[in-house]
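Observations on the three-dimensional arrangement
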Amino acid sequence: MRIQLMIPCLVEDCLPEIGLAAVSVLERLGCAVDHPQGQTCCGQMAFKTGDVAGARAQALHSLEIFADTGAVVCPSGSCTKMLRTYPQLFEPGTRDHARAVELAGRVSEFCEFVLALPGAPDFGGELKARAALHRSCQLDGSDAPQRLLSAVRGLTLLEPERPERCCGFGGLFSLQFPAVSESLLEDKASELLALDPDLLVSAEPSCLMNISGYLSRNGRMTGPGRALHVAQVLDLALNGALTGGALWS
Amino acid sequence: MVLTSTFTPRNFREQSERASHDATLRAVLDHATRYFMGKRGAALEAFADRDTHFARARSARLTALSRLPDLLEQLERSASAAGTKVHWAADAAEGRAIVTGIAKGCGAKVVVKGKSMVTEEIALNPALEATGAEVWETDLGEFIVQLAGEPPSHIIAPCIHKSRADVAALFREKLGLADLSDSASIPELTLLARRALREKFLAADLGVTGVNMAVAESGSVILVENEGNIRMSTTCPPVHVAVMSLEKVVATLEDAADLLRVLPRSATGQKMSSYVSVLTGPRRADELDGAREAHLVILDNGRSEVLADPVLREALLCFRCGACLNSCPVYQTIGGHAYGSVYSGPIGALLSSLLLPAEDTRDLPFGCTMCGACKKTCPLGIDHPNLMLRLRERVCAGKPHFIGAAHAFLASHPLAYRLAVGAARAVDPRLDLLPRLPGLPSGLASFVESRQPPGLKSSFSAQLRAGRKKQGGA
Ligand code: SF4
């Protein structure tokens, strides 16, 4: 199966390891991975700051990039959600609206996509570790990450007291309300660490950056391999290696 | 809406930042919001056919909004027929004038009040006091915040921000109870408040309450509570004034019943509140109690304008169960006062943005991480995050936020984007200079101070290309 990989801007430039792990897992599971050139950002930042015109411009750009039919897979819940929001940006009845609806219908979040592949969820991966999962509110309640991780042999899946509570990032929110954001982050970090995990796992790159950046800054993250995207956990479990390396060196 | 304290929505950002540093406040809020969410969760678990009931409640509210002008006229007719005097108030000032007019007309010296957000919204208490009357809040929580000289900080739990010891200290000072210990139990404190208030009920000339629902077909006013003080406010004094914002109307008693099945469960985790009063007109000749004179004030105060917006009008579906406040991580962290207006939390940020002057509320829709906990909680299916986005759009109105704009430009110009990131990568790969760049918000400095940024690495595209080349070559 041929798929087009959509790489969030944050992953492209700051967390490339996640993208590389996603490619490795998808290829291992039999997908041919295309990475269409010219990708920038899904438009989420503009959309969430109220700049609908800016978001529309970016949506048009994405419509061009992913014009080829076929599944689009993205290792981020929030970017996936943004692509699914595109139809809202265009007047119903227009050609762009129709294209947006068509694209929205074939985009999947990475975990959702993998879970729908033949043989899911048990692909025979194995990893001995205690993994604390931050579900991320951006995945809209999807249980795909839990189901994939539960199927990894040897892996103990741990969930914090309030699994879906926001980690406090919220994009611009964390810049405009830094103290409130940090309070939420501290709540999240301590609930996760209370589980005494070997790994901190999330399917949302921005949450992962927020939480692990905080722990790292405060000297509470022991060992660079500790914060992993679900794609990286699967990569380790299936291929025995972290293609692209750890997020923190 | 009128502001009732030194807090204002204009300073929402500073107020929230300060509140989040207040460890005591956070502990109290954490305890209280968990308590409410826990009770609510248990009640909803045991609620058979929950989704059907939620859908019926939503449909009752949708009907009300879609037929609002007709229903309000019908309400006026049926309430008048039952003997209630109906008044229309276009704004807060008119609302205050009507109620103070009634107070003066009946020579009110003592006014007792049932808990009501709408009278907070129009700042009724100071206006009533200015007529020379004593005004007493009779809901325990409202009584406590009134004694403390503070506005309520939660729709249904006005003193949610206060600990038991705070209340004991307040009673020592304000009720002259010098011996009261900090460890006094809640029943003890309640009893003391009840004693103080009992005298006021008996002496009251006028009772003022809000309205949970007003039924168009019957002209009834429905009031929901747990303490019995609202019922007493409507029955002890000879005159009762009920103040409602106009969206509180429902078409039929059956619609009201659909809402009553959901409201207490969602608000306090009860199947039904301890007291539900349905008042239709004043005391009749053959009745032993009830007010001799009943008034209903229907307040607009900006709502008709909200109704005209096809998206934002959804905020008027709200029946104030307060659940979205308890579920909101931001509210859990900063409490109600930080919002600087009567309504707080997710629905409060929406309502205040819609009802207060735009220049005062610019920051409110941004105090949200878009996590969607509110939407998931709301029994009426209000999509708060979507409405927040709509408000953000309105705030920006062609002038997008600096960061958003720069990002938007770069992201739709791939070459410029790659050049910008490439330049940053060459100069400052660890992003250490980021907080010091001129023109960036100071929040960025705090962000980077508390979180190690991941830094700019060799990009995904470059690494993928290099990897594939190697593979291809091998
Ligand atoms: S918005 Fe929904 S959850 Fe929030 S108070 Fe209103 S009805 Fe309750």
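Here the structure is a predicted model, which means the values were calculated and not measured. (Residues numbered from 1 in each chain as written. Chains lettered and ligands numbered in written order. Predicted model: local features only at pLDDT ≥ 70, side-chain atom pairs only at ≥ 80, totals over all residues.)

1. A look at the overall build of chain B
Looking only at helices and strands, one finds 22 helices and ten strands in chain B. A buried classification covers 50% of the 474 residues belonging to chain B. (Helix = DSSP H or I, 4+ residues; strand = E, 2+ residues; numbered from the N terminus. Buried ≥ 20, exposed ≤ 12 C-beta atoms within 10 Å, placed from the backbone.)

2. Let's talk about the overall build of chain A
Secondary structure assignment for chain A yields twelve helices and eight strands. At 18 Å, chain A has a C-alpha radius of gyration in line with the 18 Å of a compact globule built from 249 residues. Taken along the three principal axes of its C-alpha coordinates, chain A extends 55 × 45 × 30 Å. Across the 249 residues in chain A, those meeting the buried criterion constitute 57%. For chain A, the share of sequence-separated contacts (at least 6 apart) that also reach a separation of at least 24 residues comes to 76%. (Rg over C-alpha atoms; globule rule 2.2 N^0.38 Å. Contact = placed C-beta atoms within 7 Å.)

3. Remarks on the site of the ligand
The environment of the ligand is formed by Cys318(B), Phe319(B), Arg320(B), Cys321(B), Gly322(B), Ala323(B), Cys324(B), Ile347(B), Thr377(B), Cys378(B), Leu380(B) and Ile382(B). Looking at the shell around the ligand residue by residue, the class counts come to nine nonpolar, two polar and one charged. (Near = placed C-beta within 6 Å. Nonpolar A, V, L, I, M, F, W, Y, C, P; charged D, E, K, R; others polar.)

4. What to know about the environment of Val262(B)
Residue and element names in this part refer to chain B. Along the chain, the position of Val-262 falls in helix α12 (residues 253-268). Sequence separation between Val-262 and Ala-251 is eleven residues, and the spatial gap between their C-alpha atoms is 17 Å. With residues up to four places along the chain from it excluded, the contact list for Val-262 reads His-53, Phe-54, Ala-57 and Pro-379.

5. Details of the pairing of strand β5 (residues 126-134) of chain A
Residue and element names in this part refer to chain A. In terms of strand pairing, β5 meets strand β6 (residues 153-158) through five bridges, oriented parallel. Bridge pairing links Glu-126 to Arg-153 in β6. Between the parallel pair β5 and β6, the chain is carried across by helix α8 (residues 144-150), and the sense of this crossover is right-handed. Where β5 lies against strand β7 (residues 199-202), four bridges are found, and the strand directions are parallel. In the sheet register, Leu-133 faces β7, and the bridge partner there is Val-201. (Pairing = 2+ DSSP bridges. Right-handed = clockwise from strand over helix to strand, strands pointing away.)

6. A few points about the nonpolar core
One broad rule of soluble globular proteins: the nonpolar side chains tend to lie buried together. Residues Val201(A), Val233(A), Val99(B), Val111(B), Val243(B), Met244(B) and Leu259(B) are the most contacted members of the largest nonpolar core, which totals 205 residues. Those residues in contact with Met244(B) that sit more than four places away from it in its chain are Val118(B), Gly210(B), Val211(B), Ala214(B), Leu296(B), Ile298(B) and Leu299(B). (Core = buried A, V, L, I, M, F, W, Y, C linked by C-beta atoms within 7 Å.)

7. Some thoughts on the sheet that holds strand β3 (residues 72-74) of chain A
Residues and elements named next belong to chain A. With parallel pairing, the four strands of this open sheet are ordered in space as β2-β1-β3-β4. Edge strands, defined here as strands with exactly one partner in the open sheet, are β2 (32-34) and β4 (107-109). If you compare each strand with its neighbour and ignore which way they point, the axes differ by 35° on average. Taken together, the two bridges between strand β1 (residues 2-5) and β3 define a ladder with parallel strand orientation. Of the residues in β3, the one forming a bridge with Gln-4 is Val-72. Docked against the sheet, helix α5 (residues 77-85) engages β3 and β4, running at close to 160° with respect to β4. (Axes fitted to C-alpha atoms, helices over the stretch in contact; angles between N-to-C directions.)

8. Some words on the domain arrangement of chain B
In many analyses, interface size is given as the accessible surface area lost on bringing the parts together. Here chain B is partitioned into domain 1 (9-304) and domain 2 (412-473). Of note, the centres of domain 1 of chain B and domain 2 of chain B, computed from C-alpha atoms alone, are 53 Å apart. (Domains from an automatic or database assignment.)

9. Notes on the interface of chain A and chain B
Listed by partner, the interface residues are 53 residues for chain A and 53 residues for chain B. Every element with two or more residues in the side of chain A that touches chain B is listed here: α1 (9-13), α2 (16-28), α3 (44-48), α4 (52-65), α9 (172-176), α10 (178-193) and α11 (205-217) of chain A. Considering only residue class, the side of chain A that touches chain B consists of 27 nonpolar, 19 polar and seven charged.

10. Some thoughts on the sheet that holds β7(A)
Residue and element names in this part refer to chain A. Strand order in the open sheet made by the four strands is β6-β5-β7-β8, with parallel pairing throughout. Each edge of the sheet is formed by a strand with only one pairing partner; in this case those strands are β6 and β8 (227-229). Neighbour-to-neighbour, the strand axes of the sheet open up by a mean angle of 35°, direction not taken into account.

11. Some details on the packing of α10(A) against helix α1 (residues 12-20) of chain B
For the pair α10(A) and α1(B), the least separation of the axes is 7 Å and the interaxial angle reads 35°. Seen from above, α10(A) lies across α1(B) with left-handed handedness. On α1(B), the residues touching Ala179(A), Val180(A) and Ser183(A) of α10(A) are Ser16(B), Glu17(B) and Ser20(B). (Left-handed = near helix turned anticlockwise from the far one by under 90°.)

12. A word on the environment of Leu26(A)
Residues and elements named next belong to chain A. Examined against the element boundaries, Leu-26 turns out to sit in helix α2. Classification of Leu-26 as buried rests on a count of 23 C-beta atoms within 10 Å. A sequence separation of 147 residues divides Leu-26 from Phe-173, and the C-alpha atoms of the two residues are 33 Å apart. In this structure, Leu-26 is in contact with Ile-3, Cys-31 and Val-33, ignoring residues within four places of it in sequence.

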